[in-house]
Amino acid sequence: MSHTIREKTKLLARVRRIKGQVEAIECALEDEAGCDRVMHMIAGVRGALTGLMGEVLEDHVRQHLVVAGSAPSNAEAAEELIDVIRTYLK
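This text gives an overview of the structure that appears in the document. (Residues numbered from 1 in each chain as written. Predicted model: local features only at pLDDT ≥ 70, side-chain atom pairs only at ≥ 80, totals over all residues. Heavy atoms only, no water.)

Our focus in this paragraph is the overall build of the protein. Looking only at helices and strands, the protein features three helices and zero strands. Ordered by position from the N terminus, the helices and strands of the protein form the series α-α-α. Taking all 90 residues of the protein together, 20% fall into the buried category. Contacts in the protein between residues far apart in sequence, at least 24 positions, make up 60% of those at least 6 positions apart. (Helix = DSSP H or I, 4+ residues; strand = E, 2+ residues; numbered from the N terminus. Buried < 20%, exposed > 50% of the residue type's maximum accessible area, 1.4 Å probe, protein only. Contact = heavy atoms within 4.5 Å.)

Here it is, written out as structure tokens:
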């Protein structure tokens, strides 16, 4: 995934935030926090991972499925696919 190099700093920052969220879940479980708190934290991590996946998928579609200078219909199809993926991941 050489195209992720351009977004490396941004992607790594997101991964580090997710790592912090997971560590917070670990601490909450060790401290025997309430189920509702732990579930909210897990939902937050899930949302963060979904956002990360959406970003990487979108970049993949733009870099590998749409060839620069290709027919406008290809670019339109890619945009439609990206919209579907975003909707699915919500």
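Before going further, it helps to examine helix α2 (residues 35–65). Look at α2: 43 Å from first C-alpha to last across 31 residues, which is about the 45 Å you get at 1.5 Å a residue. Those residues of α2 that sit buried are Val38, Met41, Val45, Ala48, Leu52, Gly54, Glu58, Asp59 and Val61. (Expected span 1.5 Å × (residues − 1).)

With 23 residues, helix α1 (residues 8–30) should reach 33 Å at 1.5 Å per residue; the first-to-last C-alpha distance of 33 Å fits that figure. Of the residues making up α1, those classed as buried are Leu11, Ile18, Ile25 and Ala28. Lining the buried residues of α1 we find α2.

Before going further, it helps to spend a moment on unusual backbone geometry. At Glu32, a residue that is not glycine, the phi angle is positive and equals roughly 55 degrees. Note that Glu32 resides in the loop between α1 and α2.

Residue position: Leu65 is located in helix α2. Leu65 sits ten residues away from Ala75 along the chain, and the two C-alpha atoms are 8.8 Å apart. If sequence neighbours within four positions are ignored, Leu65 has contacts with His60 and Leu81.

It is worth spelling out the nonpolar core at this point. Core analysis: the biggest nonpolar cluster contains nine residues, these being Leu11, Ile18, Ile25, Ala28, Val38, Met41, Val45, Ala48 and Leu52. Elements with a minimum of two residues in this core: α1 and α2. With five residues, α2 is the single largest residue contributor to this core. When near neighbours in sequence (up to four residues on either side) are disregarded, Ala48 contacts Arg14, Ile18 and Gln21. (Core = buried A, V, L, I, M, F, W, Y, C linked by side-chain atoms within 4.5 Å.)

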